[in-house]
Amino acid sequence: MNRALTTAVIGIGAAQAIKLPLTYMFSKKWDWSQLVQTGGMPSSHSSGVTALATYIGMKRGFSAVDFAVSSVFGAVVMYDAMGIRRSAGEIAVEVNDLDEQVERIAKQHPGIYHARRRKALKERLGHLPREVAVGALLGFAIGACSYLLEKK
């Protein structure tokens, strides 16, 4: 069994599972799609990479090359979640709104033809900084617990 890989997967799964009751708390609806959706609180990407880096750091030492690799990998993943993926989600919101606006204009002006897209662009792609931070804290706890449980 690869304990480092298992720890990372548990970090991802735990964050995804936490999204379900958090969504229910705010919407009062069970949205089972939260178990596989991207974005939202907490970041499963951050949780997974932080769990991996924490476990490796505690197991092999914080000066080990594999800790350095997992940390840089984690930083890139978290930066991407807050930057590129979040920006892509914000652009999707604007494009989806634009489609509705053009449709309204087309109804007011009979000479304009507009075919609405069949499916709206996915808007929830990235994370707010606090979602990444909470995911990282969760991942740290999972990585540390994994290491400590292995020692017993």
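Per-chain numbering applies: the sequence of each chain, read as written, is numbered from 1 onward. Restriction of local features to residues with pLDDT of at least 70 applies here, the model being predicted, together with a cutoff of 80 or more for giving and counting side-chain atom pairs; totals for whole chains, interfaces and linings are based on all residues. Hydrogen atoms and water are omitted, and side-chain values are computed over all heavy atoms in the structure.

You'll find the protein chain entered in an unreviewed UniProt entry as Divergent PAP2 family protein, with Paenibacillus allorhizoplanae given as the organism.

(A) View of the overall build of the protein chain. The secondary structure listing takes helices from DSSP runs of H or I that are at least 4 residues long and strands from runs of E that are at least 2 residues long, numbered from the N terminus. Within the protein chain, the regular secondary structure consists of five helices and zero strands. Reading the protein chain from its N end, one meets helices and strands in the order α-α-α-α-α. Surface summary for the protein chain: the accessible area is close to 9,600 Å², and the carbon and sulfur share equals 67%. Residue burial considers only the protein chains on display, and all accessible areas are found by Shrake-Rupley using a 1.4 Å probe.

(B) Examining the nonpolar core more closely. Ala4, Ala8, Leu52, Ala53, Tyr55, Ile56, Phe67 and Tyr147 form the largest nonpolar core, which has eight residues in total. Broken down by secondary-structure element, the contributors of at least two residues to this core are α1 (3-27) and α2 (44-60). No other element matches the four residues that α2 contributes to this core. Contact criterion: two residues are considered in contact whenever any of their non-hydrogen atoms come within 4.5 Å of each other. Other than its neighbours up to four places away in sequence, Leu52 contacts Ala4, Ala8 and Ser70. One finds Val49, Ala81, Val132 and Ala136 within the second-largest nonpolar core, a separate group that totals six residues. As used here, the term nonpolar core means buried Ala, Val, Leu, Ile, Met, Phe, Trp, Tyr and Cys residues forming a set that is joined through side-chain atoms within 4.5 Å. Relative accessibility under 20% of the residue-type maximum defines a buried residue, over 50% an exposed one, and the middle range a partly exposed one, all with a 1.4 Å probe and only protein chains included.

(C) Structural view of a nonpolar patch on the surface. Patches in this entry comprise residues that are over 30% relatively accessible and not in a salt bridge; like charges within 9 Å are linked, as are nonpolar side chains (Val, Leu, Ile, Met, Phe, Trp, Tyr) within 5 Å. We define a salt bridge as a side-chain nitrogen of Lys or Arg found within 4 Å of a carboxyl oxygen belonging to Asp or Glu. Nonpolar side chains collect at one region of the surface, where Tyr24, Trp30, Trp32, Leu35 and Val36 lie side by side and expose about 560 Å² of accessible area between them. Structurally, the position occupied by Trp32 is in the loop between α1 and α2. According to the relative accessible area criterion, Trp32 is exposed, its value standing at 56%.

(D) Spatial organisation of the UniProt feature "transmembrane region" (unreviewed entry) in the protein chain. UniProt positions are given in the numbering used here, feature names are shortened, and annotations may be inferred rather than shown by experiment. The feature "transmembrane region" (unreviewed entry), as annotated in UniProt, sits at residues 61-79 and 132-149 in this numbering. With 79% helix and 0% strand, residues 61-79 has its two end C-alpha atoms placed 24 Å apart. Across residues 132-149 one finds 100% helix and 0% strand; the C-alpha atoms that close the span lie 25 Å apart.

(E) Region of interest: unusual backbone geometry. Positive phi, normally seen in glycine, also occurs at Lys28, with a value near 60°. By secondary structure assignment, the location of Lys28 is in the loop between α1 and α2. By relative accessible area, which is 58% here, Lys28 ends up exposed.

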